[in-house]
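# Tertiary structure, described
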Amino acid sequence: MSQKCDGQILASSSLDDTIKVWSVTTGREIRTLSGHSNEVKYVAISSDGQILASHTWDKTIKLWEVATGREICTLSLFDPAHSVAFSPDGSWLAAGDVSGNIKIWRRS
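From a predicted model like this one, the values you see are computed outputs, not experimental measurements. (Residues numbered from 1 in each chain as written. Predicted model: local features only at pLDDT ≥ 70, side-chain atom pairs only at ≥ 80, totals over all residues. Heavy atoms only, no water.)

### Description of the sheet that holds strand S4 (residues 40-45)
Across the sheet, 4 strands lie side by side as S4-S5-S6-S7; this open sheet has antiparallel pairing. With partners counted over all chains shown, the strands left at the sheet margins are S4 and strand S7 (71-76), one partner each. Averaged over all pairs of adjacent strands, the angle between their axes in this sheet comes to 20°, without regard to strand direction. The pairing of S4 with strand S5 (residues 51-56) spans 5 bridges and is antiparallel. Within S5, the residue paired with Ala44 across the bridge is Ala53. (Pairing = 2+ DSSP bridges. Helix = DSSP H or I, 4+ residues; strand = E, 2+ residues; numbered from the N terminus. Axes fitted to C-alpha atoms, helices over the stretch in contact; angles between N-to-C directions.)

### Here we look at the packing of aromatic side chains
In this structure the tally under the stated criterion is 0 aromatic pairs. Across from the ring centre of Phe78, 5.4 Å away, lies the NZ or CZ of Lys103, which sits over that ring. (Phe/Tyr/Trp six-rings, centres within 6.5 Å; stacked < 30°, edge-to-face > 60°. Lys NZ or Arg CZ within 6 Å of the ring centre and 35° of its normal.)

### Here's the deal with the layout of surface pockets
By volume, the largest pocket amounts to about 190 Å³. Forming the boundary of the largest pocket are Ile51, Leu63, Ile72, Leu75, Phe86, Leu93, Trp105, Arg106, Arg107 and Ser108. Contributions of two or more residues to the lining of the largest pocket are made by S7 and strand S10 (102-106). Here the lining of the largest pocket is composed, by residue class, of 7 nonpolar, 1 polar and 2 charged. (1 Å grid on protein atoms, 1.4 Å probe; cavity = no way out; pocket = protein on both sides within 12 Å on 5 of 7 lines; lining within 4 Å. Points joined across faces, edges and corners; volume = space filled by probe spheres on them. Nonpolar A, V, L, I, M, F, W, Y, C, P; charged D, E, K, R; others polar.)

### With respect to the pairing of S7
As paired elements, strand S6 (residues 60-65) and S7 share 5 bridges and run antiparallel to each other. What sits directly across from Lys62, in S7, is Thr74. Turn length for the S6-S7 hairpin, with the two strands adjacent in sequence and antiparallel, is 5 residues, and the turn residue Gly69 shows positive phi of about 85°.

Below you can see the structure in the form of structure tokens.
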């Protein structure tokens, strides 16, 4: 199912290794994203609503296309991430790890 992202979505992380994407308007689940090998700790959605970032303690961050649920890529970290966030304009993704390091990626 494809859906236009207009700021009316919410994403939740789960102990069952998945992310659920919800419609804020209806309260219904739009889709479940699967692909992590460990419980999902944090999620972030870009300001344009197109990309979702999720991370687990397995030292990876996955990027997802929100409208389709397609996994775009997997990013690697040195240590498990402690936070993940997009810049306000959505052009950068930052992750802080448990050792206090910050890694930044430019969205292309």
